[in-house]
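# Structural description and commentary
Single-letter residue listing:
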Amino acid sequence: MEALVVENLKKTYPGGEEAVKGVSIKVDKKEFVGLIGLSGSGKSTVLRCINRLVEPDSGKVFLDGVEITSLGKKQLKRARRDMGMIFQEFNLVERLTVIQNILSGRLGYTSWWRSVLRKFPESDVGRAVEISEVVGMRPYLYKRADELSGGQRQRVGIARALIQDPKLLLVDEPTSSLDPAIGHDVMNEFHQISKELGVPVLISIHDVNLALEYSDRIVAMRDGLVVSEGRADEFDKRRLGEVYRYKI
Ligand SMILES: Nc1ncnc2c1ncn2[C@@H]1O[C@H](COP(=O)(O)OP(=O)(O)O)[C@@H](O)[C@H]1O
Ligand SMILES: [Mg+2]
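What you are looking at is a predicted structure, and each value in this text was computed from that prediction instead of being measured.

### Regarding the overall build of the chain
- Scanning the chain for helices and strands turns up nine helices and 10 strands.
- Scaling as 2.2 N^0.38, a compact globule of 248 residues should have a C-alpha radius of gyration of about 18 Å, and the chain matches this with 18 Å.
- For the chain, the C-alpha atoms occupy an extent of roughly 55 × 40 × 35 Å along the three principal directions.
- Every one of the 248 residues in the chain was classed for burial, and the buried ones make up 50%.
- Long-range pairs, those at least 24 residues apart, make up 67% of the contacts in the chain with a sequence separation of at least 6.

### As for the site of ligand 1
- Residues in close proximity to ligand 1 include Tyr-13, Glu-17, Ala-19, Leu-38, Ser-39, Gly-40, Ser-41, Gly-42, Lys-43, Ser-44 and Thr-45, which together make up its full environment.
- Take Gly-40: an N or O atom from its main chain is 2.6 Å from an oxygen atom of ligand 1.
- One of the side-chain nitrogen or oxygen atoms of Lys-43 is found 2.8 Å away from an oxygen atom of ligand 1.
- Here ligand 1 has 560 Å² of accessible area as a free molecule, and 62% of this is covered by the chains.
- It is helix α1 (residues 43–50) that contributes the most residues to the shell around ligand 1, three residues altogether.

### Some points on α1
- Across the eight residues of α1, six count as buried, placing the element largely inside the fold.
- Among the residues making up α1, those that are buried are Lys-43, Thr-45, Val-46, Leu-47, Cys-49 and Ile-50.
- Remark: Arg-52 follows α1 within two positions and exhibits a positive phi of approximately 60 degrees.

### Observations regarding the side chain of Asp-82
- Note that Asp-82 resides in the loop between α2 (73–80) and β6 (83–86).
- Every residue in contact with Asp-82, bar those within four places of it in the chain, is listed here: Leu-63, Pro-166, Lys-167 and Leu-168.

### Quick look at the packing of helix α6 (residues 150–162) against helix α7 (residues 180–196)
- Between α6 and α7, the least distance of the axes is 10 Å, while the angle of their chain directions is 15 degrees. Between α6 and α7, the interaxial angle falls into the category roughly parallel. Judged by the sense of rotation from one axis to the other, the crossing of α6 with α7 is right-handed. Where α6 abuts α7, its residues Gly-151, Gln-154, Arg-155, Ile-158 and Leu-162 lie against Ile-182, Asp-185, Val-186, Glu-189, Phe-190 and Ile-193.
- Partitioning the contact of α6 with α7 into residue classes produces six nonpolar, two polar and three charged.

### Description of the environment of Ala-79
- In this fold, Ala-79 is placed in helix α2.
- Sequence-wise, Ala-79 and Pro-56 are 23 residues apart; in three dimensions their C-alpha atoms are separated by 16 Å.
- Sequence-distant contacts of Ala-79, defined by excluding residues within four places in its chain, comprise Ile-68 and Leu-71.

### A few points about the pairing of β6
- Of the two faces of β6, the one holding Met-83 and Met-85 and the one holding Gly-84 and Ile-86 are both buried throughout.
- Bridge analysis of β6 against strand β7 (residues 168–172) gives four bridges, and the strand direction is parallel. Bridge assignment links Ile-86 to a residue of β7, and that residue is Val-171.

### Thoughts on the pattern of salt bridges
- Throughout the structure, instances matching the rule amount to 17 salt bridges.
- With its nearest N and O atoms 2.7 Å apart, the salt bridge here joins Glu-55 to Arg-52.
- Linking Asp-146 and Arg-144 is a salt bridge whose minimum nitrogen-to-oxygen distance equals 2.7 Å.
- Because the salt bridges share partners, they merge into one network encompassing Glu-31, Arg-217 and Glu-229.

### Some words on the sheet that holds strand β4 (residues 58–63)
- Spatial ordering of the open sheet is given by β2-β1-β4-β5, a layout of four strands whose pairing is antiparallel. The open sheet has two edge strands with one neighbour each: β2 (18–28) and β5 (66–67).
- Examined bridge by bridge, strand β1 (residues 2–12) and β2 share eight bridges and lie antiparallel to one another. The residue of β2 that forms the bridge with Leu-9 is Val-23.

Procedures and definitions
Residues numbered from 1 in each chain as written. Chains lettered and ligands numbered in written order. Predicted model: local features only at pLDDT ≥ 70, side-chain atom pairs only at ≥ 80, totals over all residues. Heavy atoms only, no water. Helix = DSSP H or I, 4+ residues; strand = E, 2+ residues; numbered from the N terminus. Rg over C-alpha atoms; globule rule 2.2 N^0.38 Å. Buried < 20%, exposed > 50% of the residue type's maximum accessible area, 1.4 Å probe, protein only. Contact = heavy atoms within 4.5 Å. Near = heavy atom within 4 Å. Polar contact = N/O pair within 3.5 Å; in protein donor to acceptor, adjacent residues only side chain to side chain. Areas by Shrake-Rupley, 256 points an atom, 1.4 Å probe, with all protein chains shown as cover. Axes fitted to C-alpha atoms, helices over the stretch in contact; angles between N-to-C directions. Parallel < 35°, antiparallel > 145°, perpendicular 65-115°, else oblique. Left-handed = near helix turned anticlockwise from the far one by under 90°. Nonpolar A, V, L, I, M, F, W, Y, C, P; charged D, E, K, R; others polar. Pairing = 2+ DSSP bridges. Salt bridge = Lys/Arg side-chain N within 4 Å of Asp/Glu carboxyl O.

Here it is as structure tokens:
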């Protein structure tokens, strides 16, 4: 069964840029889908429309059968907990420790006074420690975010998304600011998350080789449209050429 269904999504930005022109994507449970395409092809816009950080003009998004695109503000806030989003720019709170940053993933579940005081239930703290182990950050729990390397910061971002107990992970260019070796580690991490924790992953990624190596399936975009899709192991040079050929 599909966890995520995106149907005919369209988005034109206020400036007139037609960024997404009717995109449909399905992601199964446990599936790892790589979204590839040139810069400007609309990958980030698709990811942001799925959790409505960017409001789509039309089209539908379903997560586990719930139509995200028809939810009111309050319901949307609740539904967003189910969608862990991991951005390129990590978005950590620099002066907070690793464990505090991980715990901030629970803010959507915590009463306002707890979040003001950053007082999390014991169970959340226990879970944060467990998850830090999953992403290999257990030894650094009390380091401040501003003392971490790029790869470590990315792992904290992953842990913070995982502690939400998401039904889906949306990941935008996780490796673009990392050196290549660490890029592999991070992709491996996501692969394990999809297979072992059973969380489907939709990941936009610039590096085609990484995408092909770690994805189950590839969805390729060009100029706001899906131009090719299929199993990663069937994605050959010719198809890549079509995706990446120069714009006229
Ligand atoms: N906030 C925005 N306002 C106006 N145009 C935007 C905005 N974000 C992206 N775009 C434009 O939409 C198109 C698709 O961008 P984007 O979704 O970021 O593509 P990708 O992630 O594949 O690089 C680009 O032409 C980009 O310039
Ligand atoms: Mg992008």
